[in-house]
Amino acid sequence: MIKKTTTAKFVDGPYVGDYDWKGGMPLSEGEVMSVYLESKSEPVVYVLSSKCIELHEEGEDQLVSVSYQFKMQ
């Protein structure tokens, strides 16, 4: 069975921080994401600067870790 975790790191701007994305989301490097914060009327625009995927096999299970890193555009 595949067991997947997804994390996202925003390295700058008002959304800076590390986030655990339950369920994940399929993204490719270079994609643009607009983040709409409650405190701002305009979106904060980020670019996916890197994506890393790791797979660890444990018997019949495959543990997949996907990590994204975003920078402000």
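Conventions adopted
Residues numbered from 1 in each chain as written. Predicted model: local features only at pLDDT ≥ 70, side-chain atom pairs only at ≥ 80, totals over all residues. Heavy atoms only, no water. Helix = DSSP H or I, 4+ residues; strand = E, 2+ residues; numbered from the N terminus. Rg over C-alpha atoms; globule rule 2.2 N^0.38 Å. Buried < 20%, exposed > 50% of the residue type's maximum accessible area, 1.4 Å probe, protein only. Contact = heavy atoms within 4.5 Å. Areas by Shrake-Rupley, 256 points an atom, 1.4 Å probe, with all protein chains shown as cover. Pairing = 2+ DSSP bridges. Axes fitted to C-alpha atoms, helices over the stretch in contact; angles between N-to-C directions. Phe/Tyr/Trp six-rings, centres within 6.5 Å; stacked < 30°, edge-to-face > 60°.

In terms of helices and strands, the protein carries zero helices and five strands. From first element to last, N terminus to C terminus, the protein shows the α and β order β-β-β-β-β. For the protein, whose C-alpha radius of gyration is 14 Å, the value lies well above the compact-globule estimate of 11 Å for 73 residues. Seen through its C-alpha atoms, the protein measures out along the principal axes to roughly 50 × 20 × 15 Å. When each of the 73 residues of the protein is scored for burial, the buried share is 21%. For the protein, the proportion of contacts with a sequence separation of at least 24, taken over those separated by at least 6, is 44%. As displayed, the protein has an accessible area near 5,100 Å², and 51% of this comes from carbon and sulfur atoms.

The next subject is the pairing of strand β2 (residues 17-20). Alignment of strand β1 (residues 2-10) against β2, held across four bridges, turns out to be antiparallel. Following the sheet pairing, Lys-9 is matched in β2 by Asp-18.

With respect to the helices and strands, Val-35 occurs in strand β3 (residues 32-35). Judged by its relative accessible area of 10%, Val-35 is buried. Placed 15 residues apart in sequence, Val-35 and Ser-50 show a C-alpha to C-alpha distance of 18 Å. Other than its neighbours up to four places away in sequence, Val-35 contacts Phe-10, Tyr-15, Pro-43, Val-44 and Tyr-46.

The five strands are arranged β2-β1-β5-β4-β3 in an open sheet whose pairing can be described as mixed. Each edge of the sheet is formed by a strand with only one pairing partner; in this case those strands are β2 and β3. For this sheet, the mean angle separating the axes of adjacent strands, direction not counted, is 30 degrees.

Here we come to the packing of aromatic side chains. Within the structure shown, the criterion is met by nine aromatic pairs. Between Phe-10 and Tyr-15, the aromatic rings sit 4.8 Å apart at their centres with planes inclined by 75 degrees, giving edge-to-face as the arrangement. A relative accessible area of 1% means that Phe-10 is categorised as buried. Ring plane angle 80 degrees and centroid distance 4.8 Å describe the contact between Phe-10 and Tyr-46, whose orientation is recorded as edge-to-face. Remark: Tyr-46 occurs in strand β4 (residues 44-58) and Phe-10 occurs in strand β1; sequence separation between them is 36 residues. For the pair formed by Phe-10 and Tyr-46, the shared burial category is buried. These aromatic residues form a ring-pair network of at least three members: Phe-10, Tyr-15, Tyr-19, Trp-21, Tyr-46, Tyr-68 and Phe-70.

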